[in-house]
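Breakdown of the fold
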Amino acid sequence: MAKITSFKYTIFLSCSSILNLLFFSHYLHGGMEQSYTKNAAAEAEAVAAISCSGHGRAFLDGSILHGKHVCECDACYGGPDCSDFLPDCIADADSGDPMFLEPFWRKHAASSTIVLPGWHRMSYEFNDGSLISKELETQIRKLHAVIGNAVTDGRFIIFGAGATQLLHAAVHALSSNDPSSPTIVVASTPYYPVYREQTEFFNSEDYKFKGDTSLYKNERDSQGNFIELVTSPNNPDGQLKKAVLQGPSVKTIHDLAYYWPHYTPIPAPADEDLMIFTLSKLTGHGGSRFGWAILKDETVYQRMLIYMSLSTYGVPRETQLRVLKLLKVALEREGKEMFDFGYKTMRNRWRKLSETMSMSKRFSIQELEPKRCSFHQKVREPSPAFAWLKCEREEDNDCNAVLNSVNVTGRDGSLFGDESRYVRLSLVKCEDDFDLLLKRMQILVSEENDSTKIMPQNKTTVNLSSPRLNACSNWDHVTSKFHLEELTTDIRDGATMPAYLQ
């Protein structure tokens with residue numbers, strides 16, 4: 001009897017030990033599973049907390065010096081914490097890097113953050129065999145419905161590595177596939193340089209870039225097949241554009257990268273056969289390399305799918321996840337917060353530059369009229385991504401060289417199929433870049449007007465605030481530092497108080 005009791009006791013202890021080991025293993029494994037997000041968040045927050053004096057930022061994948069992440073400074077700042085201004089640096093207004101939205105995403109860092117475990121979406125494909133996230137596609141359709149800038153019902157959607165890849169995929173899909181009679185690719189001057197550069201680089205026998213659309217307006221019937229690239233609003237001059245060529249031999253690609261309330265009033269949803277959009281101009285995330293095309297024709301859709309499959313086999317799963325998160329944040333409050341922030345930022349930059357240029361006879365910029373916007377449900381002022389600057393003096397036939405005299409560089413008009421007396425100036429970069437561009441342009445205008453070296457700063461706020469405020473000395477510096485100019489603008493427009501003052 002004692003032996004039986006001892007045996008039962010031994011079995012009980014063994015089972016108990018096994019259960020304890022299993023419980024401990026489960027607890028340890030579960031604890032690790034629960035803590036990896038905390039560790040990742042702590043690491044990211046530690047890097048984000050590094051002070052770069054408001055003129056730079058540190059990144060998880062950035063350089064490390066002496067075991068610490070290094071600040072990456074804005075173009076005209078240096079030093080370990082980006083606090084050193086470099087007075088002789090170049091004001092780079094060439095790039096269209098859309099960094100003006102960075103303050104919005106800094107404010108929404110918590111809601112826009114994602115965590116990617118090592119096992120996330122390791123497969124080439126989603127479970128249904130496709131290369132696109134159905135949830136992301138749904139979110140894109142919702143985005144266009146809320147903003148009212150494109151029709152998506154009954155249309156096909158395809159993802160690409162930014163608008164650049166999609167543009168060439170579309171040209172390929174629409175070409176006649178007949179080397180004996182290559183399709184003619186055209187765009188109205190001034191046109192986005194990549195249209196020409198990309199088509200010529202691939203040097204296909206099926207299509208050739210032939211320049212300005214107007215050259216073929218009356219001759220297309222005898223010239224074969226055409227692909228017309230239409231950019232609206234146009235890059236570089238911000239004008240809303242429509243197709244010029246018509247007829248059965250013409251296919252049209254509508255590049256709507258800037259057809260968002262940041263940059264232009266939205267008169268109505270675009271309803272074209274092939275429309276291309278890009279994340280970079282929507283949310284500012286150019287580095288994520290994501291764009292999408294909306295198509296009516298299934299045959300064209302299938303040809304573009306083949307191109308994507310053979311070139312990159314789809315867009316990375318990590319990119320699609322990030323885009324999904326970003327779009328959900330962008331659509332909070334029906335998109336009002338992000339699009340209002342973007343619009344007010346671009347509108348204020350355009351106002352400042354326009355006021356400076358209005359004092360000049362040597363330079364001019366494009367004229368843009370206020371128009372009604374269906375998204376904002378009111379008439380609103382221009383807020384273009386670029387200034388299309390023209391040097392008016394006959395001797396200034398190289399306008400970029402004139403700008404170089406005060407350390408400003410833009411994109412030469414000849415790249416857009418126009419004259420070199422035009423220069424595209426980017427207004428979408430970070431605040432430091434725009435502020436320096438404005439100051440340098442003020443120098444040029446002031447030298448023209450009164451031979452002084454620096455234009456009085458309070459001239460940039462003419463008609464934007466009350467006479468009493470305009471009487472303040474160095475008012476532009478005050479408004480820049482404390483955002484008072486935006487506050488007076490919002491009050492004038494009857495808008496709500498800015499979020500940073502609430």
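For the structure itself, look to the data block above.
For the structure given in this document, a descriptive report is provided here. (Residues numbered from 1 in each chain as written. Predicted model: local features only at pLDDT ≥ 70, side-chain atom pairs only at ≥ 80, totals over all residues. Heavy atoms only, no water.)

Glancing now at helix 5 (residues 162-174). An α-helical turn contains 3.6 residues, so a residue and the one three or four places further along point in the same direction. For helix 5, with 13 residues, the first-to-last C-alpha span of 19 Å sits near the 18 Å given by 1.5 Å per residue. Where burial is concerned, most of helix 5 is hidden: 11 out of the 13 residues are buried. Looking at helix 5, one finds that the buried residues are G162, A163, Q165, L166, L167, H168, A169, A170, V171, A173 and L174. (Helix = DSSP H or I, 4+ residues; strand = E, 2+ residues; numbered from the N terminus. Expected span 1.5 Å × (residues − 1). Buried < 20%, exposed > 50% of the residue type's maximum accessible area, 1.4 Å probe, protein only.)

Here we take up the pairing of strand 13 (residues 274-278). Most of strand 13 sits out of view: five of its five residues are buried. A two-sided burial pattern is seen for strand 13, the buried positions comprising L274, I276 and T278 on one face and M275 and F277 on the other. Two elements, strand 12 (residues 250-255) and strand 13, share two bridges in a ladder whose sense is parallel. Along strand 13, the bridge assignment pairs H254 with M275. (Pairing = 2+ DSSP bridges.)

Scanning the entire structure with this criterion turns up four disulfides. Two residues, C52 and C71, share a disulfide whose sulfurs are 2.1 Å apart. Its S-S torsion of about -90 degrees marks the bond between C52 and C71 as left-handed, since a negative value means left-handed. Here C52, found in the loop between helix 1 (2-48) and strand 1 (56-57), pairs with C71, found in the loop between strand 3 (68-69) and strand 4 (72-73); they are 19 residues apart in sequence, far enough to count as distant. Overall, C52 belongs to the buried group, its relative accessible area being 4%. The exposure class assigned to C71 is buried, which follows from its relative accessible area of 10%. A sulfur-sulfur distance of 1.7 Å marks the disulfide that ties C76 to C89. Between C76 and C89 the disulfide shows an S-S torsion of about 100 degrees. By sign, it is right-handed. Here C76, found in the loop between strand 4 and strand 5 (77-78), pairs with C89, found in the loop between strand 6 (84-85) and strand 7 (91-92); they are 13 residues apart in sequence, far enough to count as distant. Its relative accessible area of 12% is what places C89 among the buried residues. (Disulfide = S-S within 2.5 Å.)

Below, the discussion takes up the packing of helix 5 against helix 6 (residues 193-202). The geometry of a pair of packed helices is captured by two quantities: the angle between their axes and the separation between those axes. Taken N-terminus to C-terminus, the directions of helix 5 and helix 6 make an angle of 60 degrees; their axes are 11 Å apart at the nearest point. Taken together, helix 5 and helix 6 sit at an angle that is classed as oblique. The two elements helix 5 and helix 6 cross, and the hand of that crossing is right-handed. Contacts from T164, L167 and H168 in helix 5 reach V194, Y195, Q198 and F202 in helix 6. Of the residues assigned to the contact of helix 5 with helix 6, the class counts are four nonpolar, three polar and no charged. (Axes fitted to C-alpha atoms, helices over the stretch in contact; angles between N-to-C directions. Parallel < 35°, antiparallel > 145°, perpendicular 65-115°, else oblique. Left-handed = near helix turned anticlockwise from the far one by under 90°. Contact = heavy atoms within 4.5 Å. Nonpolar A, V, L, I, M, F, W, Y, C, P; charged D, E, K, R; others polar.)

Grouped together as the largest cluster of nonpolar side chains are 75 residues, with contacts concentrated most on W292 and L425. Considering every element that reaches this core, the biggest residue donor is helix 13 (residues 431-450), with seven residues. Not counting chain neighbours up to four residues away, the residues in contact with L425 comprise A93, A385, F386, A387, L389, L403, V408, G410, L437 and M441. The next biggest cluster of nonpolar side chains, apart from the first, holds 29 residues, and it includes L167, A170, F209 and M304. (Core = buried A, V, L, I, M, F, W, Y, C linked by side-chain atoms within 4.5 Å.)

We now examine helix 9 (residues 298-311). Given a rise of 1.5 Å per residue, 14 residues ought to cover 20 Å, and the 20 Å separating the end C-alpha atoms of helix 9 matches this to within 8%. For helix 9, the complete set of buried residues consists of V300, Y301, M304, Y307 and M308. All buried residues of helix 9 lie within an arc of 120 degrees about the axis, which places them on one face of the element. Every exposed residue of helix 9 that faces more than 90 degrees away from the buried side is listed here: T299, I306 and L310. (Arc of directions from axis to C-beta.)

Bringing unusual backbone geometry into the picture now. In terms of backbone geometry, most residues other than glycine have negative phi values and most peptide bonds are trans. A cis amide bond links T189 with the next residue in sequence, P190, at an omega value of -5 degrees. Secondary-structure assignment places P190 in the loop between strand 9 (183-187) and helix 6. Along the chain, S232 connects to P233 via a cis peptide bond; the corresponding omega equals -5 degrees. In this structure, R289 takes a positive phi of about 50 degrees despite not being glycine. Despite not being glycine, Q377 shows a phi value in the positive range, around 55 degrees. Position of Q377 relative to the elements: it lies in the loop between strand 16 (371-373) and strand 17 (378-380).

Counting buried positions over the six residues of strand 11 (residues 226-231) gives six, a clear majority of the element. Of the pairings in the sheet, the one linking strand 9 to strand 11 comprises four bridges and is parallel in character. From the neighbouring strand, V185 faces strand 11, where its bridge partner is I227. One ladder, built from six bridges, connects strand 11 with strand 12; its direction is parallel. Paired with V230 across the strands is H254, a residue of strand 12.

You can see Q165 is positioned in helix 5. The class of Q165 is buried, set by a relative accessible area of 12%. Excluding residues within four positions of it along the chain, Q165 makes contact with G160, Y307, M308, S311 and T312.

Spatial ordering of the open sheet is given by 8-14-13-12-11-9-10, a layout of seven strands whose pairing is mixed. The open sheet has two edge strands, strand 8 (156-160) and strand 10 (207-212), and neither has a second partner. Direction aside, the axes of adjacent strands within the sheet are offset by 25 degrees on average. Helix 6 rests against strand 9, strand 10, strand 11 and strand 12 of the sheet, and its axis sits at about 150 degrees to strand 10.

This part takes up empty space enclosed by the protein. This model, assessed by the stated rule, comprises two cavities of 30 Å³ or more. Counted as a void, the largest cavity has a volume near 50 Å³. Along its surface, the largest cavity is lined by P233, N234, N235, G238, Y258, Y263, P384, A385 and F386. Looking at the lining of the largest cavity residue by residue, the class counts come to six nonpolar, three polar and no charged. (1 Å grid on protein atoms, 1.4 Å probe; cavity = no way out; pocket = protein on both sides within 12 Å on 5 of 7 lines; lining within 4 Å. Points joined across faces, edges and corners; volume = space filled by probe spheres on them.)

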